[in-house]
Amino acid sequence: MTSLLAPDLQPRMLGGLEIEPEEARSILRPQKDERYGFGFSLNPYRGCAHGCRYCYVREYPHPLRGGEGALRPPETWGAWVSPKLNAPALLWAHRHRLHEQTVFLASSTDPYMPLEREFRLTRKCLEVLRDCPTTRVLLHTRSPLVLQDLDLLLQFGPRLTVGFSIPTDDDTVRQVTEPGAPSIPSRWLAMERLARAGVAVSLSAAPLMAIRDIPAFARRARESGARSAWAGRLRLLNQDPFYQVLAEHGWLFILQPDYGERVNAALAEAMPRPPSRRRREHLKGKAAVAPPLQLPDARQLALFQGDLA
Ligand code: SF4
């Protein structure tokens, strides 16, 4: 039977991932709770190829296109992604809502999954946001692919922060808990490179996983250029199968409240203190003689390019 779908909406497989492009009905999700620090979230994709095993989004209802109300089973999370082909156009049409707002990319996907190389939906949405002069952006990712948009990120100036999710210092933990996501060393290097280029970066160790050396982790956050860092506890759903994963690997200790407190205390200790008001006033007159940005050395860049490939 011939498909009635336009060619760019045809589903296909890409390296084991089911790609089902779609036209979204809306793209800006309002966030009314001010504690989150943003007014809208924006997800250029539905689904997430990183397939983190603790991800609560897997339990959301994900309708199957043409499935007449049928939902994708939670166990297929990480095996499918729907790029929202009209996301940049929708955002452009609704840009009047973004005056003096903060937009968070992304609450239920990673904006820099590998298929962003092909679809460039995150980039095109960022181009719209760049042209909204009073809009701030919080970009949150686990992927060094964010570096492909460094030129664009720099155009935002202080209106944009990139938050890196680095919940562990141990890549063997990452391989179990975030099987489709980039390695932990590649995230540190990406964060460092963004920071050295002048992009504001922050670290989020959330949901917090097992960390081997907490003080060294906190020092690495500082050395990688994070302007802020925090750890957020894992919240498990009722009868969450991830509990079993933690039990099998001897990681149940991460559920203890004092574990998160210890990591947060170490991060707070390691982070540079924000300057006092008096110091800020003093620095105002010194801005013209601030030292030039240091670029990463060639060895780090070479390592990093290899990780991006
Ligand atoms: S990267 Fe975020 S959205 Fe994607 S699977 Fe992991 S936790 Fe979920």
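Definitions and limits used
Residues numbered from 1 in each chain as written. Predicted model: local features only at pLDDT ≥ 70, side-chain atom pairs only at ≥ 80, totals over all residues. Heavy atoms only, no water. Core = buried A, V, L, I, M, F, W, Y, C linked by side-chain atoms within 4.5 Å. Buried < 20%, exposed > 50% of the residue type's maximum accessible area, 1.4 Å probe, protein only. Helix = DSSP H or I, 4+ residues; strand = E, 2+ residues; numbered from the N terminus. Near = heavy atom within 4 Å. Nonpolar A, V, L, I, M, F, W, Y, C, P; charged D, E, K, R; others polar.

Asker: Before we move on, can you summarise the nonpolar core with the specific residues and values?
Answerer: L126, L129, L194 and L203 are the most contacted members of the largest nonpolar core, which totals 83 residues. If one sorts the elements of this core by residue count, helix α6 (residues 184–197) sits on top with 7 residues.

Asker: So what about unusual backbone geometry? Which residues, and what values?
Answerer: A cis geometry characterises the amide bond from L105 onward to A106, with omega recorded as 5°. Structurally, A106 can be placed in the loop between β7 (102–105) and α2 (116–119). For the bond running from A206 to P207, omega is -5°, close enough to zero to count as cis. Relative to the assigned elements, P207 resides in the loop between β10 (200–205) and α7 (214–223). Positioned with a positive phi, E100 is a non-glycine residue whose angle comes to about 55°. In this structure, E100 sits in the loop between α1 (87–93) and β7. For Q239, which is not glycine, the phi dihedral falls at a positive 50°. Its place among the elements puts Q239 in the loop between β11 (228–231) and α8 (242–249).

Asker: Could you give an account of the site of the ligand, with specific residues and numbers?
Answerer: Surrounding the ligand, one finds C48, H50, G51, C52, C55, W77, S108, T109 and R142. Looking at the shell around the ligand, its residues break down into 4 nonpolar, 4 polar and 1 charged.

These figures capture arrangement, not role.
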